[in-house]
Amino acid sequence: MTEILLAAEASTVTQTRHLATAIPGPRSTALHAERTQEVTNGFGIALPVFVARAEGGIIEDVDGNRIIDFASGIAVTSLGASNKRVAERVAAQLEAFTHTCFMVTEYDSFTQVCKWLNANTPGDFEKRTGLFTTGAEAVENAIKIARAATGRPSVLVFDEAYHGRSLLTMAMTAKVNPYKLNFGPLPTDVVRAASANPLRPAEGLDAGAAAALESVEATILEHGADTFAAMVIEPIQGEGGFIVPAPGFILGLRALADKYGIVLVLDEIQAGMGRTGTLFASEHEGVAGDLILTAKALANGVPLSAVTGRVELMNAPHTGGLGGTYAGNPLACEAALAVFEQFEDGSLLVHARRIEEVAREVLEPLLSSTNIVAEIRGRGAMIAIEFADAGSLAPRADLARDISAACHAAGVLTLTCGTHGNVVRLLPPLVIGEELLRDGLTVLADAITNAAN
Ligand SMILES: *Cc1c(COP(=O)(O)O)cnc(C)c1O
């Protein structure tokens, strides 16, 4: 941990929160006005400030405000948004060549990224990896691979799932607004089963895993077990609200997948790559997927995704069946190798666990001191606060929105999530300094206390 803190302290972007203007300031406001004249309205915005530079736990905007980063660009820049080693490796690669297309001529960094993922993902079996560009592309390719291997069509997904915005992954995602609204018709052969949400179990279920697993098995049998190529689950659901499934649920899915010959796909795109204090979130569950998906933090912000899994599955597609122009681009592969180097000594995982300790220390008193916090949950540097009325548990999206807005005004970038939009989620870079982390958490805790009064 000390080493990481030193790295953050030695940074060129001062690692303290600082308000030079209101947020957003005048320059951001002017740039945002121009943006609305040029950019499609289809993109939303969490905080309309324009970034000048960013490093460690700080985003510095064009008005000179220094904002604490509790977003990491949605769990991407885990090593800070201008990580030195990533920049060095990518710069050296830029000098050599930017692109060849791995389907045209080869480069060894692609192989080395695959080798690291084969060796470090859970599962003591022979593996192969394919590299792609976005998370949604990794999900789509996992389905192609599972279909090719099993000869079956259907995909089992779960309540509150998020798997992306492409046509197939949009169908696999649970939440309609904003992800699916007006964008149908959607691909068929996607079947949704109950998840095991301890705070908000599906209708007729309790908070435990056993009833949820019975319900999942009933869904499988209702549609015909031998129609399912794959079941896809996030070990901690991200956009759905940082839902840690009831203990034993993922293990139970493993057993159902084995029983019915269904490929278990673990979508670790948000929770993987050290975010939860282990390299992969499924390690907390003691489960290995047949296929595991990584993206987001994999290359610290250079677009890269991967499907890793059992050799017999990964080699099922015909040669030429997988690929993509930019799939495993050399700049992205170098960035990933720089990320892997920095996971080597284990200190990043220690720091992710420390972030959880500090977050719980500052936030958990709010469970009893206010009557609006329904739950504080998550693992490592993936922590969420769910807002609801005491007793009825009626979701309070208004509170999540107002509290997030208060944090933004005070220079702390938080994001909301959840099926009901009533969750504030924290995804700080794993390299954030502890003082900065405590400052941001205190701003958040004060905003929650104020909202409760
Ligand atoms: C972000 C995310 C995706 C989609 O990744 P993109 O790179 O945005 O396509 C898929 N699954 C999970 C769990 C995610 O968090």
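Residues numbered from 1 in each chain as written. Predicted model: local features only at pLDDT ≥ 70, side-chain atom pairs only at ≥ 80, totals over all residues. Heavy atoms only, no water.

Focus: the overall build of the protein chain
The cut-off we apply is this: Working definition: helices are DSSP H or I runs of at least four residues, strands are E runs of at least two. Numbering for both runs from the N terminus. It is over C-alpha atoms that the radius of gyration is taken, and the globule rule equals 2.2 Å times the number of residues to the power 0.38. Only protein chains enter the accessibility calculation, which uses a 1.4 Å probe; a residue whose area is less than 20% of its type maximum is buried, one above 50% is exposed, and one in between is partly exposed. We call two residues contacting when some pair of their heavy atoms lies within 4.5 Å.
A tally of helices and strands in the protein chain yields 15 helices and 15 strands. For the protein chain, the C-alpha radius of gyration of 22 Å lies close to 22 Å, the compact-globule estimate for 453 residues. Across the 453 residues in the protein chain, those meeting the buried criterion constitute 55%. Restricting to contacts in the protein chain with at least 6 residues of sequence separation, those with at least 24 account for 74%.

Considerations on the nonpolar core
To keep it simple, the criterion reads: Within this scheme, the nonpolar core is defined by two criteria: the residues are buried Ala, Val, Leu, Ile, Met, Phe, Trp, Tyr or Cys, and they are joined through side-chain atoms within 4.5 Å. What marks off one domain from the next here is an automatic or database domain assignment.
One finds I220, M231, F249, L253, F340, L363 and F387 to be the most contacted residues of the largest nonpolar core, which totals 95 residues. With 10 residues, the single largest contributor to this core is helix 11 (residues 330-343). Two domains each provide a minimum of three residues to this core, namely domain 1 (26-82 + 346-452) and domain 2 (100-328). If near-sequence neighbours (up to four positions away) are discounted, I220 is found in contact with L156, A225, F228, M231, L256, Y260 and I262. By size, the runner-up hydrophobic cluster in this structure holds 24 residues, among which are I145, L168, M172 and L291.

Quick word on the domain arrangement of the protein chain
The cut-off we apply is this: Put simply, buried area is how much 1.4 Å-probe accessible surface two parts lose in total, over both of them, once they are put together. Between Lys or Arg on one side and Asp or Glu on the other, a salt bridge is scored when a side-chain nitrogen of the former is within 4 Å of a carboxyl oxygen of the latter.
Domain boundaries assigned for the protein chain yield domain 1 (26-82 + 346-452) and domain 2 (100-328). The gap between the C-alpha centroids of domain 1 and domain 2 is 26 Å. Across the contact, 39 residues belong to domain 1 and 27 residues belong to domain 2. In this assembly, domain 1 packs against domain 2 so that about 2,600 Å² is buried in total across both faces, 56% of it on carbon and sulfur atoms. Inspection of the region where domain 1 meets domain 2 yields three salt bridges. One salt bridge in this structure joins R425 and E239, with 2.9 Å as the shortest N-O distance.

Here's the deal with the packing of aromatic side chains
Heads up, the condition is: We call Phe, Tyr and Trp rings a pair once their centres come within 6.5 Å, taking the six-membered ring for Trp, and we label the pair stacked below 30 degrees between planes, edge-to-face above 60, and tilted otherwise. Whether a charge sits over a ring depends on NZ of Lys or CZ of Arg being within 6 Å of the ring centre and within 35 degrees of the ring normal.
The full count for this structure, using the stated rule, is seven aromatic pairs. Plain terms: the ring middles of F102 and Y107 are 5.3 Å apart, the flat faces sit at 75 degrees to each other, and that makes the pair edge-to-face. Note on F102: relative accessible area 23%, which makes it partly exposed. Judged by relative accessible area, Y107 falls into the buried class, the value being 7%. When the centroid spacing of 6.0 Å and the interplanar angle of 85 degrees are considered together, the rings of F158 and F249 count as edge-to-face. With a gap of 91 residues between them, F158 in strand 5 (residues 154-158) and F249 in helix 9 (residues 249-260) connect regions that are remote in the sequence. Each member of the aromatic cluster is reached from another via a ring pair, and the members are F97, F102, Y107 and F110. Over the ring of F125 we find K127; its NZ or CZ atom is 5.5 Å from the centre of that ring. The aromatic ring of F125 is capped on one face by R310, whose charged end is 3.9 Å from the ring centroid.

Quick look at the packing of helix 4 (residues 84-96) against helix 11
Cut-off, in case you're wondering: Whenever a helix is involved, its axis is fitted only over the stretch in contact; in every case the axis is a line through C-alpha atoms, and angles between N-to-C directions fall within 0 to 180 degrees. These descriptions rest on fixed angle ranges, namely under 35 degrees for roughly parallel, over 145 for roughly antiparallel, 65 to 115 for roughly perpendicular, and the rest for oblique. Crossing handedness is read from the near helix: turned anticlockwise from the far helix by less than a right angle, it gives a left-handed crossing, and turned clockwise, a right-handed one. Polarity classes work like this: nonpolar for Ala, Val, Leu, Ile, Met, Phe, Trp, Tyr, Cys and Pro, charged for Asp, Glu, Lys and Arg, and polar for all others, with Gly in that last group.
One way to put it is that helix 4 packs onto helix 11 with a least axis distance of 8 Å and a crossing angle of 150 degrees. The angle between helix 4 and helix 11 falls in the class roughly antiparallel. Both helix 4 and helix 11 take part in a crossing whose hand is right-handed. Contacts between helix 4 and helix 11 involve R85, V86, R89, V90, Q93 and L94 from the first element and P330, L331, E334, A335, L337, A338, V339, E341 and Q342 from the second. The residue inventory of the contact of helix 4 with helix 11, partitioned by class, reads nine nonpolar, two polar and four charged.

As for the side chain of T278
The test is simple: Think of a polar contact as two N or O atoms within 3.5 Å of one another; within protein, one of them needs to be a possible hydrogen donor and the other a possible acceptor, and neighboring residues in sequence only count if both atoms come from side chains.
Assignment of secondary structure puts T278 in the loop between strand 8 (263-267) and strand 9 (291-294). For T278, a relative accessible area of 16% puts it in the buried group. Here the side chain of T278 touches T276 through a polar contact of 3.5 Å, side chain to side chain. Within polar-contact distance, the side chain of T278 engages the side chain of H284 at 3.1 Å. Once you skip the residues sitting within four places of it in the chain, T278 turns out to touch E283, H284 and L349.

Focus: the side chain of T173
Of note, T173 is situated in the loop between helix 7 (167-172) and strand 6 (190-193). Given the relative accessible area of 1%, T173 is considered buried. In contact with T173, other than residues within four places in its own chain, are A161, Y162, H163, G164, Y179, K180 and R192.

As for the pairing of strand 9
The following threshold applies: Any two strands between which DSSP finds at least two bridges are classified as paired.
Every second residue of strand 9 is oriented toward a common face, with L291 and L293 on one face and I292 and T294 on the other, all of them buried. The sheet contact formed by strand 8 and strand 9 spans three bridges and is parallel. Its bridge partner lying in strand 9, V265 is registered against L291. In this structure, strand 9 lies alongside strand 10 (residues 305-310), joined through four bridges in antiparallel fashion. Bridge assignment links L293 to a residue of strand 10, and that residue is V307.

Observations concerning unusual backbone geometry
Residue P24 is reached from I23 by a cis peptide bond, and omega for that bond is 0 degrees. As for its position among the elements, P24 is in the loop between helix 1 (2-9) and helix 2 (26-38). Each neighbour pair has its own omega, and for N177 with P178 the value is 15 degrees, a cis peptide bond. Tracing the backbone shows P178 in the loop between helix 7 and strand 6. The phi torsion at A75 lies on the positive side, around 65 degrees, for a residue other than glycine.

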